[in-house]
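Commentary on secondary and tertiary structure
As a plain string of letters, each chain reads:
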Amino acid sequence: MSLAKLLPLAIEAALMLMVLSLGLKATFADLFYLFRRPGQLMRALLSMDVIVPLIAVLLASRFAREAPVKIALVTLALAPLPATFPKKALKAGCKVSYTVGLMAAITLVAIVFIPIALELISRTFGITVQMSAAAIWQLVFVSLLVPLVAGVLIHHMAAAFADRVAKPVARTADIVLIAAGIPIAIRVLPALWSLVGDGTVVVLLIFALLALASGHLLGGPDPEDRTVLALSSSFRHPGIALAIAHANFPDQKLAPAAVIMYVALSGIAAKPYLLWLGRRQKRDAGVMSVPDASP
């Protein structure tokens, strides 16, 4: 197998290992967390599967001048949660239950949502959809649902073992992702540079920020839930986005570069958001710790 084919497979394997590491920390109750809370589930679906795709279509039709950027926006909006999202959410102090429950719910919904959304977009823009629903189902199942459920099953059968190996599995995923990602990043660097200076960076950054805002506003009263939904609305799965783009727009060679650019920009956009949340939590904690001096 050539290196060009091996590197994407290595990245996909790393992303699956990240999902597996999350599942190793979770229970079956966590998987169904949002299904027992329909109000929270509806808000999450509204943000991720309605508002974010509408933002992407609006930006693609009104502000994105280049076809690869339009393709990247649409395919990213259709891609469900990325494997890197839970790691950032848990680092921010968010609950495992909501994080796992959201990933499970959105993944299951994606099996129906992606084919329907692709069909609607194809009719709206007059594009012929070449990716079958079966191919999408297989992609979502293999990359997200299978490793997540496998991790939960291992945790259920051998909790001590799962807790012990979760961190090494996550570290292995990081190493594989970096090792495979660097050559790919170098390879697409010329294409990335060709997208700089034509407004692409601004459009993609606006998309990331608006998606963050959508999740934050619809996350509900719990600050941790708002953080999870904000990150999940902004971060997308690059492997699924690239697969959709390649299957339906094989002649657009710059679309993968635009997808990779968005992945980097969404991470950059999340940093000030997480810093702001951290300062706000410290301020609120300081206010609550001040003793009441009133008589």
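Before any of the text, the structure's been laid out above.
What comes next concerns the included structure. (Residues numbered from 1 in each chain as written. Predicted model: local features only at pLDDT ≥ 70, side-chain atom pairs only at ≥ 80, totals over all residues. Heavy atoms only, no water.)

1. With respect to the overall build of the protein chain
For the protein chain, the count of helices and strands is twelve helices and zero strands. Counting from the amino terminus, the protein chain carries its helices and strands in the arrangement α-α-α-α-α-α-α-α-α-α-α-α. Taken across its 295 residues, the protein chain has 47% of its residues classed as buried. Within the structure as shown, the protein chain displays about 14,400 Å² of accessible surface, and the carbon and sulfur contribution to it stands at 71%. (Helix = DSSP H or I, 4+ residues; strand = E, 2+ residues; numbered from the N terminus. Buried < 20%, exposed > 50% of the residue type's maximum accessible area, 1.4 Å probe, protein only. Areas by Shrake-Rupley, 256 points an atom, 1.4 Å probe, with all protein chains shown as cover.)

2. As for empty space enclosed by the protein
As enumerated under the stated definition, the model contains three cavities of 30 Å³ or more in all. Roughly 50 Å³ of internal volume is contained in the second largest cavity. Residue lining of the second largest cavity: F63, A64, R65, E66, V69, D198, G199, T200 and V203, and that is the complete set. In the lining of the second largest cavity, the residues fall into four nonpolar, two polar and three charged. (1 Å grid on protein atoms, 1.4 Å probe; cavity = no way out; pocket = protein on both sides within 12 Å on 5 of 7 lines; lining within 4 Å. Points joined across faces, edges and corners; volume = space filled by probe spheres on them. Nonpolar A, V, L, I, M, F, W, Y, C, P; charged D, E, K, R; others polar.)

3. Some details on helix 3 (residues 38-62)
Between its first and last C-alpha atoms helix 3 spans 34 Å; for 25 residues at 1.5 Å apiece the expected length is 36 Å, and the two agree. Of all the bends in helix 3, the greatest measures close to 30 degrees and is centred on L46. (Expected span 1.5 Å × (residues − 1). Bend = angle between axes of the 7 residues up to and from the residue.)

4. A few points about the packing of aromatic side chains
Evaluated as defined, the whole model comprises four aromatic pairs. Judged by centre distance (5.2 Å) and plane angle (40 degrees), the ring pair of F207 and Y262 falls under tilted. Taken together, the residues span a long stretch of sequence, with F207 in helix 9 (residues 200-218) and Y262 in helix 12 (residues 255-289) at a distance of 55 residues. Using a relative accessible area of 1% as the deciding quantity, one classes Y262 as buried. When the ring centre of Y33 is taken as reference, the NZ or CZ atom of R37 above it lies at 3.8 Å. (Phe/Tyr/Trp six-rings, centres within 6.5 Å; stacked < 30°, edge-to-face > 60°. Lys NZ or Arg CZ within 6 Å of the ring centre and 35° of its normal.)

5. Comments concerning the packing of helix 7 (residues 133-157) against helix 8 (residues 159-194)
For the pair helix 7 and helix 8, interaxial distance at closest approach is 5 Å and the crossing angle is 130 degrees. Comparing the axis directions of helix 7 and helix 8 gives the class oblique. Seen from helix 7, the contacting residues are I154, H155 and M157; seen from helix 8, they are A159, F161, A162 and D163. The residue inventory of the contact of helix 7 with helix 8, partitioned by class, reads five nonpolar, one polar and one charged. (Axes fitted to C-alpha atoms, helices over the stretch in contact; angles between N-to-C directions. Parallel < 35°, antiparallel > 145°, perpendicular 65-115°, else oblique. Contact = heavy atoms within 4.5 Å.)

6. Notes on the side chain of E12
Turning to its location among the elements, E12 is positioned in helix 1 (residues 3-23). Buried within the structure, E12 lacks any salt-bridge partner; R236 is the closest side chain of opposite charge, at an N-O distance of 15 Å. Discounting residues that sit within four places of it in the chain, E12 has contacts with S143, H237 and G239. (Lys, Arg positive; Asp, Glu negative; His and termini not counted. Salt bridge = Lys/Arg side-chain N within 4 Å of Asp/Glu carboxyl O.)

7. Overview of the environment of T172
By the secondary structure assignment, T172 is in helix 8. You can call T172 partly exposed: its relative accessible area is 38%. Separated by 158 residues in sequence, T172 and A14 place their C-alpha atoms 7.7 Å apart. A polar contact of 2.8 Å, which involves the side chain of T172, links it to the backbone oxygen of P168. (Polar contact = N/O pair within 3.5 Å; in protein donor to acceptor, adjacent residues only side chain to side chain.)

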